[in-house]
Amino acid sequence: MDVRKIILLVGALLIAAVTAFMARSLVLGGGAPQAAAIGAPAPQANGPEVLVATRALPIGTILDATAVKFQPWPQELVDPKAYFVKGEGETDLKKLQGTVVRFAITAGQPLTQGSLVKPGDRGFLAAALGPGMRAVTVPVSAQSAVAGFVFPGDRIDLMLTQSVAGGGDGPPLKVTETVLKNLRVLATDQRTDNTVDENGKTVVRTYSTVTVEATPKLAEKIAVTQNLGGTLTVALRSIADNAAELEEAIASGSISVPDGSDPKAERDMLAKAEGEAVASKTSYATGADVSRFQRSTIPGKPPVSAGPVGVPGAAPAVPVNPYPGAAAPKGPVLRVARGNSVTEVPIEGKN
């Protein structure tokens with residue numbers, strides 16, 4: 001073999017070996033810092049504990065014990081005049097319950113003094129209302145208000161019980177129907193917060209009025225409901241009802257599921273499903289549903305003769321006697337209705 005070719009071959013092998021060694025060094029050298037960065041613990045805040053939101057708090061949220069907590073925060077970022085610092089001033093979780101969020105707060109963000117409106121402050125109820133919503137007060141009795149176990153922030157259904165006399169004989173129709181669903185309670189009587197005792201337990205008190213949040217159209221329906229002459233009853237809703245109604249709303253198409261995995265769009269969808277009060281037209285119960293001695297329909301009117309209309313001094317209408325001067329037949333009859341006139345025709349059969 002030619003000496004020149006041997007020298008070129010040996011040189012190529014040396015260059016390949018050096019290149020492989022340098023590539024291996026680069027790969028191993030780049031992985032070591034990455035492993036160290038992954039294993040390094042996250043820096044911990046060593047400052048004072050401030051009040052932060054445990055979940056997203058939109059405008060109008062009424063705070064409860066699960067909405068906020070104390071969490072350490074970096075010392076250089078803490079402003080005692082703006083934040084609620086643990087152990088300083090009047091930062092008491094019991095006193096903050098029932099306050100309303102004035103500005104939207106994301107999960108994990110500290111609460112500021114200006115982001116909350118306390119009960120009794122000017123504009124408290126207006127801050128508790130969502131955009132485009134109205135506050136309506138409904139009178140209730142102690143028996144029809146869940147014995148005082150409804151508090152601001154809860155959601156209720158409103159039921160109307162009334163007695164419909166109709167025009168016939170017998171007892172009137174007793175009926176109860178759910179007229180409105182998923183109403184948010186803003187206040188009970190004139191209280192917008194939950195009173196707690198020295199042990200931290202909520203004090204249950206009876207009340208005579210409930211202030212709820214409703215759309216302008218539903219507010220009109222509530223006003224009409226109060227003048228129908230019946231009794232209004234409050235039914236406390238379960239928190240689990242929101243999930244079931246969300247599935248129904250998605251299936252019916254009234255709420256559309258956002259495309260992709262945008263967390264903000266999902267939160268907006270859940271907030272819309274949770275905060276939407278609706279009017280009910282299908283849920284009702286009559287007296288016959290609970291007692292066999294009650295009616296299931298409105299009592300009908302007996303047949304009357306068509307007397308003169310609008311004539312002063314005219315005699316009132318009297319029941320029609322299809323057989324003047326003779327007794328009514330004892331056998332079966334066929335009733336024929338022509339407009340407002342009802343006549344009876346006897347059905348003759350073989351004896």
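About the thresholds
- Residues numbered from 1 in each chain as written.
- Predicted model: local features only at pLDDT ≥ 70, side-chain atom pairs only at ≥ 80, totals over all residues.
- Heavy atoms only, no water.
- Helix = DSSP H or I, 4+ residues; strand = E, 2+ residues; numbered from the N terminus.
- Buried < 20%, exposed > 50% of the residue type's maximum accessible area, 1.4 Å probe, protein only.
- Contact = heavy atoms within 4.5 Å.
- Areas by Shrake-Rupley, 256 points an atom, 1.4 Å probe, with all protein chains shown as cover.
- Salt bridge = Lys/Arg side-chain N within 4 Å of Asp/Glu carboxyl O.
- Core = buried A, V, L, I, M, F, W, Y, C linked by side-chain atoms within 4.5 Å.
- Patch = residues over 30% accessible without salt bridge, like charges linked within 9 Å, V, L, I, M, F, W, Y side chains within 5 Å.
- pLDDT = per-residue confidence, 0-100.
- Pairing = 2+ DSSP bridges.
- Arc of directions from axis to C-beta.

J.: Explain the overall build of the protein chain to me, and be specific about the residues and the numbers.
T.: A count of helical and extended segments in the protein chain gives six helices and 13 strands. Looking at the protein chain as a whole, 26% of its 351 residues qualify as buried. Considering only intrachain contacts with a sequence separation of at least 6, the fraction spanning at least 24 residues in the protein chain is 66%. Summing over all exposed atoms, the protein chain offers an accessible surface of approximately 23200 Å²; the carbon and sulfur share of this is 58%.

J.: Kindly report on the pattern of salt bridges, identifying the contributing residues and their values.
T.: In total, this model carries five salt bridges according to the counting rule given. A salt bridge links Glu49 to Lys86; the nearest nitrogen and oxygen atoms lie 3.6 Å apart. Taken together, the positions of Glu49 in strand β1 (residues 49-53) and Lys86 in the loop between β2 (68-72) and α2 (93-96) put the pair 37 residues apart, joining distant regions of the chain. For Arg184, the salt bridge identified is with Glu213, shortest N-O distance 3.1 Å. Residue Arg184 is found in strand β7 (residues 173-188), and its partner Glu213 is found in strand β8 (residues 209-214); the two are separated by 29 residues along the sequence. Arg184 gets classed as buried once you look at its relative accessible area, which sits at 11%. Glu213 sits in the buried class, given a relative accessible area of 8%.

J.: So what's going on with the environment of Thr161? Residues and values would help.
T.: Within the secondary structure layout, Thr161 lies in strand β6 (residues 155-164). Taking relative accessible area as the criterion, Thr161 reaches 31% and is therefore assigned partly exposed. For the pair Thr161 and Thr178, spaced 17 residues apart in sequence, the C-alpha to C-alpha distance is 9.0 Å. With residues up to four places along the chain from it excluded, the contact list for Thr161 reads Val175, Thr176, Gly230 and Thr231.

J.: Residue-level account of the nonpolar core, with values.
T.: Grouped together as the largest cluster of nonpolar side chains are 20 residues, with contacts concentrated most on Ile156, Leu158, Leu183 and Ile222. If you list the elements that add at least two residues to this core, you get β5 (134-139), β6, β7, β8, α4 (216-225) and β9 (231-236). The greatest single-element share of this core, amounting to four residues, is contributed by β7. Excluding anything up to four places from it in sequence, Ile156 contacts Val150, Lys181, Asn182, Leu183, Val185, Val210, Val212, Val234, Ala235, Leu236 and Arg237. Membership of the second largest hydrophobic core comes to 13 residues, among which are Leu51, Phe70, Val101 and Ile105.

J.: Can you explain a nonpolar patch on the surface? Please cite residues and give values.
T.: On the surface, a nonpolar cluster with roughly 260 Å² of combined accessible area is contributed by Ile6, Val10 and Leu14. Relative to the helices and strands, Val10 is located in helix α1 (residues 3-39).

J.: Before we move on, could you go through the environment of Ser141 and cite the residues and values that matter?
T.: The topology assignment puts Ser141 in the loop between β5 and β6. Distance in space between the C-alpha atoms of Ser141 and Val234 is 9.3 Å, their sequence separation being 93 residues.

J.: So what's going on with the confidence of the model for the protein chain? Residues and values would help.
T.: Confidence in the prediction for the protein chain averages 74 pLDDT; 66% of positions are at 70 or higher. Element-level mean pLDDT values for the protein chain span from 57 in helix α6 (residues 263-275) up to 92 in α4. Of the regions scoring below 50 in pLDDT, residues 30-43 engages in zero contacts with residues more than four places distant in sequence or in other chains.

J.: Give me the lowdown on the pairing of β6, citing residues and values where you can.
T.: The sheet contact formed by β6 and β7 spans nine bridges and is antiparallel. In the sheet register, Ile156 faces β7, and the bridge partner there is Leu183. Taken together, the six bridges between β6 and β9 define a ladder with antiparallel strand orientation. Its bridge partner lying in β9, Asp157 is registered against Ala235.

J.: Summarise unusual backbone geometry; cite the residues concerned and give the values.
T.: For Asn182, which is not glycine, the phi dihedral falls at a positive 60°. Tracing the sequence through the fold places Asn182 in strand β7.

J.: How would you summarise α4 if you had to cite specific residues and measurements?
T.: Turning to α4, its buried residues are Leu218, Ala219, Ile222 and Thr225. All buried residues of α4 project into a common sector of 120° when viewed along the axis, lining one side. Among the exposed residues of α4, those oriented more than 90 degrees off its buried face are Lys217 and Val224.

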